[in-house]
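Chain by chain, the residues:
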Amino acid sequence: MSDATPTPTAAPDRPAALPAQSPPVDPAETAVASDKAAARGRLSWWRGENGDGVKRNLGLIGVLAALILVGAVTKPDLYDDPTWVWNNVLAILQLASVVGVVTVGMTFVIIGGGIDLSVGAIVALAGVWCTTVATQSYGAGGMIFAAIVVGICVGLVNGVLISYGRLVPFIATLAMLVAARGLAASISNKQTQVSTSTFINDIAARKVLGIPILVYILGAVVLAGWILLNRTTFGRRTIAVGGNPEAARLAGINVRRHTMLLYALSGLCCGIAAIMLTSQATSAQAAMANLYELDAIAAAIIGGTLLSGGRGTIVGSLLGVIIFATITNLFAINGLSIEAQNMVKGGIIVAAVLVQQFQFKSLTRLLARNRLTTTT
């Protein structure tokens, strides 16, 4: 009997596990899926947040078309003349140019979660300052420089009071409205100051290719504002600050500094508008640009800018300005009173805010349902 233990035999080699294979793909299904994805990509401009802006702008264009139709029905003899129609379109654009420039700055401020009630007073102060005898002695360049610097500086004061002084934007800009009007009246001694600069006065009178220079200035400011809002980091930060300041701060954005810059930008637009308005009137006074702040806020709201901040478009604000200018023109050619015009404007503002609230509440409920579905 042997004590030797048996030698273990080697286990047979097991075949390596084959990798899991996916089921065969039908080329027809792949083609259909690709077509659907391409269709979704093509329609992305119509769906989602971008689609909301496009639909809103198309709606504003529809309102403009309806106003033109009303004018054609009430004054067919005027609208039958193509020359008059073209000149009337240019008159509307020129009427909208100054308020349009102010509205661009106001749109940035509102998207950033603020409000600026002092824009009309800043325009008046910049206009009075640039038409003083001392400033006009430096020529057109000195007048333009003074208006822009005054606008930016007053805007910075607003921004500092709101960002670092922790004042509510409504209170800070309301105080600036009163102070700027008072300073303008003090500088001008409550008198109208006549502009003696031929270059400044000719800005409103000259045309290039049949279009007033004021319209070109409006177009340049709108284009610059659109690029700044939609194609730069500054614009993305503005939307972030207005949508959720605390989240923007946690993301590394200097919310205070950015808010200050937004009000400085609004002041810059006011300085440009002051030159344009001074050119139209060939003079400046402390009472100029009266209620421009209400016109700018109303145009921004009509254009889809959310009063609570975080959403808005430059194109929509421009269309809002043009709609109000068209209403003013329509009432003028029909000989209707300014009081009736203001009542119509007030009704449009209320309707726009109600529509905004309805859309915002619907979007909030939709997001809440989506979160609930995801968690369950």
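Now for a look at the structure at hand. In this convention, every chain numbers its residues from 1, walking through the sequence in written order. In view of the model being predicted, local features appear only for residues whose pLDDT reaches at least 70, and side-chain atom pairs are presented and counted only at 80 or more, with totals across whole chains, interfaces and linings using the full set of residues. To obtain the side-chain values, all non-hydrogen atoms of the structure were included, while hydrogens and water were left out.

1. Description of the layout of surface pockets
Site definitions follow a grid-based scheme: protein atoms alone, a 1 Å grid, a 1.4 Å probe that fits but cannot get out for cavities, and for pockets an open set with protein on both sides within 12 Å along at least five of seven lines, plus lining residues having an atom within 4 Å of a point. Grid points are joined across faces, edges and corners, and a volume is the space filled by probe spheres set on the points. Its volume calculated, the second largest pocket comes out at about 560 Å³. Lining the second largest pocket are 25 residues, with Leu291, Asp295, Thr328, Gln341 and Lys345 positioned closest to its centre. Mapped by element, the contributors of at least two residues to the lining of the second largest pocket are α4 (82-111), α13 (255-281), α14 (292-302), α15 (314-333) and α16 (338-375). We call Asp, Glu, Lys and Arg charged. Ala, Val, Leu, Ile, Met, Phe, Trp, Tyr, Cys and Pro are nonpolar, and the rest, Gly among them, are polar. Of the residues in the lining of the second largest pocket, the class split is 16 nonpolar, 7 polar and 2 charged. Secondary structure elements are defined from DSSP: runs of H or I of at least 4 residues count as helices, runs of E of at least 2 residues count as strands, and each element is numbered from the N terminus.

2. Description of the environment of Phe324
As for its placement among the helices and strands, Phe324 is situated in helix α15. A residue is classified by how much of its surface remains accessible, and Phe324, at 9% relative accessible area, is buried. The spatial distance from the C-alpha of Phe324 to the C-alpha of Leu64 is 9.6 Å, given a sequence separation of 260 residues. Sequence-distant contacts of Phe324, defined by excluding residues within four places in its chain, comprise Ala298, Ala299, Ile302, Lys345, Ile348 and Ile349. Note on exposure labels: buried denotes an accessible area under 20% of the residue type's maximum, exposed denotes more than 50%, and partly exposed covers the range between, all computed with a 1.4 Å probe on protein chains only. Note on contacts: a residue pair qualifies if any of its non-hydrogen atoms lie within 4.5 Å across the two residues.

3. Details of the environment of Ser317
Within the secondary structure, Ser317 sits in helix α15. Residue Ser317 is classed as buried on the basis of its relative accessible area, which comes to 2%. Linking Ser317 and Ala299, residues 18 residues apart in sequence, is a C-alpha distance of 5.5 Å. Discounting residues that sit within four places of it in the chain, Ser317 has contacts with Thr103, Thr107, Ala299, Ala300, Gly303 and Thr305. Under this definition, polar contacts are N or O atom pairs within 3.5 Å; protein pairs additionally need one hydrogen-donor-capable and one acceptor-capable atom, and for neighbouring residues in sequence, both atoms have to be side-chain atoms. Within the local environment of Ser317, its side chain forms a polar contact with the backbone oxygen of Thr313, the two atoms lying 3.1 Å apart.

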